[in-house]
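# Report on the structure
Below, each chain spelled out in residue letters.
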Amino acid sequence: MERDGQLELYGLVADRLKEAHAKVRALQVPEGVRMALSRKLLVITSAAKHDLAGAAKRLERLMNDIDEGRFPQDPDTDGSP
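Being a predicted model, the structure only gives us computed values, none of them experimental. Along each chain, residues carry numbers from 1 onward, in the same order as the chain's sequence is written. Selection of residues for local features in this predicted model requires a pLDDT of at least 70, selection of side-chain atom pairs for listing and counting requires 80 or more, and totals for whole chains, interfaces and linings are taken over all residues. Note that the side-chain values use all heavy atoms of the structure and ignore hydrogens as well as water.

## A short note on helix α2 (residues 31–48)
Under the DSSP-based scheme used, a helix requires at least four consecutive residues in state H or I and a strand at least two consecutive residues in state E, with every element numbered from the N terminus. The span one expects for a helix is its residue count, reduced by one, times 1.5 Å. Given a rise of 1.5 Å per residue, 18 residues ought to cover 26 Å, and the 26 Å separating the end C-alpha atoms of α2 matches this to within 8%. Only protein chains enter the accessibility calculation, which uses a 1.4 Å probe; a residue whose area is less than 20% of its type maximum is buried, one above 50% is exposed, and one in between is partly exposed. Every buried residue of α2 is listed here: Gly32, Val33, Arg34, Ala36, Leu37, Leu41, Ile44 and Ala48.

Next comes the structure, spelled out in structure tokens:
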């Protein structure tokens, strides 16, 4: 029974990661921000291999940040206006 729940969670996380990658590709943000977001998604993907529940939580937080317009700072800029 627990195995079925684990498989269901794998499917859910895989679908959400696919959506997240598509969303990041479609964002109108500087390339440095897009790369930072892509790296975060790759880290979450890797973490899912060892801690699926933790990866699902991290992915949900990242997607909430993206939906609310909270992006990492572009590493190619110094932060000045």
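Here the narrative resumes, following the displayed structure.
## Some words on the pattern of salt bridges
The rule for a salt bridge is simple: a side-chain nitrogen of Lys or Arg has to be within 4 Å of a carboxyl oxygen of Asp or Glu. Taken as a whole, this structure holds six salt bridges when the rule is applied. The shortest N-O distance in the salt bridge between Lys23 and Asp67 comes to 2.5 Å. On the criterion of sequence distance, the pair formed by Lys23 in helix α1 (residues 2–26) and Asp67 in helix α3 (residues 52–67) is long-range, its members being 44 residues apart. The exposure class assigned to Lys23 is partly exposed, which follows from its relative accessible area of 32%. Residue class for Asp67 comes out exposed when judged on its relative accessible area of 51%. Overlapping salt bridges bring together Arg16, Glu19 and Glu60 as one network.

## So, the nonpolar core
What tends to happen in soluble globular proteins is that the nonpolar side chains get buried as a cluster. Residues enter a nonpolar core if they are buried and are Ala, Val, Leu, Ile, Met, Phe, Trp, Tyr or Cys, with the set joined through side-chain atoms within 4.5 Å. Ranked by size, the top nonpolar core spans 17 residues in total, and within it Leu17, Leu37, Leu41, Ile44, Leu59, Leu62 and Ile66 carry the most contacts. At six residues, α3 tops the list of elements feeding residues into this core. Once residues lying within four places of it in the same chain are set aside, the contact partners of Ile66 are Lys23, Val24, Leu27, Leu37 and Phe71. In what follows, a contact means two residues having at least one pair of non-hydrogen atoms within 4.5 Å.

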